[in-house]
Amino acid sequence: RAKADGRNRFHYFNETLQDIAERRISIAAELRKAIMYDEFVVYYQPQLSADSNTIVGAEALVRWQHPERGILGPQEFLDIAEETGLIEEIDQIVLAKASSQRNAWQKTLIKSTDFKIAINISARHLKSDTFLDSVQKVLAEVNIDPSLIELEIVESELVQDFAKAVNVISRLKAMGVDLAIDDFGTGYSSLSYLKHLNVQTLKVDRSFLSDVPHDKASCRLLKGLINLGKSMELKVVVEGVEDAQQLRKCHEYFGDIVQGYFFSVPLNAEDFAAYYNQYKSS
Ligand code: C2E
Ligand code: MG
Ligand code: MG
Ligand code: MG
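Residues numbered from 1 in each chain as written. Chains lettered and ligands numbered in written order. Predicted model: local features only at pLDDT ≥ 70, side-chain atom pairs only at ≥ 80, totals over all residues. Heavy atoms only, no water.

- By the naming in an unreviewed UniProt entry, the protein chain is GGDEF domain-containing response regulator, taken from Cognaticolwellia beringensis.

### Looking at the environment of Asp19
Moving on, step 1. Along the polypeptide, Asp19 turns up in helix α1 (residues 17-36).
Moving on, step 2. Distance in space between the C-alpha atoms of Asp19 and Phe263 is 40 Å, their sequence separation being 244 residues. (Helix = DSSP H or I, 4+ residues; strand = E, 2+ residues; numbered from the N terminus.)

### Some thoughts on the pairing of strand β3 (residues 40-49)
Moving on, step 1. Of all ten residues making up β3, nine are buried, and the element is well covered by its neighbours.
Moving on, step 2. Two strands pair when backbone bridges link them, and β3 and strand β4 (residues 55-66) are joined in this way by nine bridges, in the antiparallel orientation. In the strand pairing of β4, Gln45 is matched with Glu59.
Moving on, step 3. Here β3 folds back onto β4 in antiparallel fashion, the turn holding five residues, of which Ser52 has a positive phi close to 55 degrees. (Buried < 20%, exposed > 50% of the residue type's maximum accessible area, 1.4 Å probe, protein only. Pairing = 2+ DSSP bridges.)

### Overview of the nonpolar core
Moving on, step 1. Among the nonpolar cores identified, the biggest contains 84 residues, and Leu31, Phe40, Ile119, Leu151, Leu172 and Phe272 are the most heavily contacted of them.
Moving on, step 2. Leave out the neighbours within four places in its chain, and Ile119 touches Ala60, Val94, Leu95, Ala98, Ser99, Ile149, Glu150, Leu151 and Glu152. (Core = buried A, V, L, I, M, F, W, Y, C linked by side-chain atoms within 4.5 Å. Contact = heavy atoms within 4.5 Å.)

### Let's talk about the side chain of Glu155
Moving on, step 1. By the secondary structure assignment, Glu155 is in helix α6 (residues 155-158).
Moving on, step 2. A polar atom in the side chain of Glu155 sits 3.0 Å from the backbone nitrogen of Gly185.
Moving on, step 3. A distance of 3.4 Å separates a polar side-chain atom of Glu155 from the backbone nitrogen of Thr186.
Moving on, step 4. Not counting residues within four places of it along the chain, the set of residues in contact with Glu155 comprises Ile181, Asp182, Asp183, Phe184, Gly185, Thr186, Gly187, Ser189 and Tyr193. (Polar contact = N/O pair within 3.5 Å; in protein donor to acceptor, adjacent residues only side chain to side chain.)

### A look at the coordination of the magnesium ion (ligand 3)
Moving on, step 1. Around the magnesium ion (ligand 3), the protein supplies Asp182 (OD), Asp183 (OD), Glu239 (OE) and Glu239 (OE) as donor atoms, at distances of 2.0 to 2.6 Å.
Moving on, step 2. When the donors of the magnesium ion (ligand 3) are listed by position in the chain, the intervening gaps give D-D-x55-E.
Moving on, step 3. Here the magnesium ion (ligand 3) and the magnesium ion (ligand 2) are spaced 4.2 Å apart, with Asp182 acting as a shared donor. With a gap of 57 residues between them, Asp182 in strand β8 (residues 178-184) and Glu239 in strand β10 (residues 235-239) connect regions that are remote in the sequence. (Donors = N, O, S within 2.8 Å, 3.2 Å for Na, K, Ca; no water.)

Dropping the structure here:
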């Protein structure tokens, strides 16, 4: 199989357009069943303070526990979920599961009361008419403090139908939910949008780390992006930290939070708890 153009697209060699269309239809049908049979699980990737002393939160990332194919990542199904609108239900499932996990961990694992859980929301979902009500409903059912939740929206999707997004985001903020701009710097958009949005966090896309620290221009660009976020009084998360040298730069440039394979890949809830305990004691 060949992975191709873009993070969410994949195709097979020698596949005709009809094959592709048929596979999409069958995945869509399987996704409906997966929702019915509760096959989605949530993995958690730790987020650390840039001095790497403390685990300050986790990002929830959806996985599909497929009955035959095993654990599947979002690149296998997210684009089809988007097209069919099933993403709205999947996002709700992840929001509910991650929020109740966060509550459960407060009793068994986590000492700090401000450990945050970051949850990805598709922009299509964010802009749907039922979004605010359904978020409110889930938070009430799970009985979680909204300030422990941070919803992540990808920059490139956010800037489309911007007026709608501004409205929804200010109402989310009124509910006490924080917002993060994900994959920041890759949206090819005018930065002026930033002053109209009541968001709390910028997540600098991992592509900005790829030539850090050996390439000077890449270092300056990373520093500039972090500075931009800080001067807007935002919390800056750098994602995709893969080695100690990249971590050192994030710290040197005053990033607030780091996340990446250098610390851990996304883990199931049980493995996350083990990681958390081990990190604390080391
Ligand atoms: P994202 O929100 O930007 O999440 C970070 C992605 O980068 C994750 O991929 C994570 O496993 C990966 N990653 C983390 N650290 C590193 C690193 O050091 N190096 C590299 N190369 N990669 C790293 P994953 O889990 O495959 O998710 C891909 C994307 O799918 C996410 O990107 C997010 O946009 C989307 N997604 C995931 N879960 C959900 C969900 O529940 N709802 C929605 N709407 N989207 C989701
Ligand atoms: Mg994210
Ligand atoms: Mg990201
Ligand atoms: Mg991404």
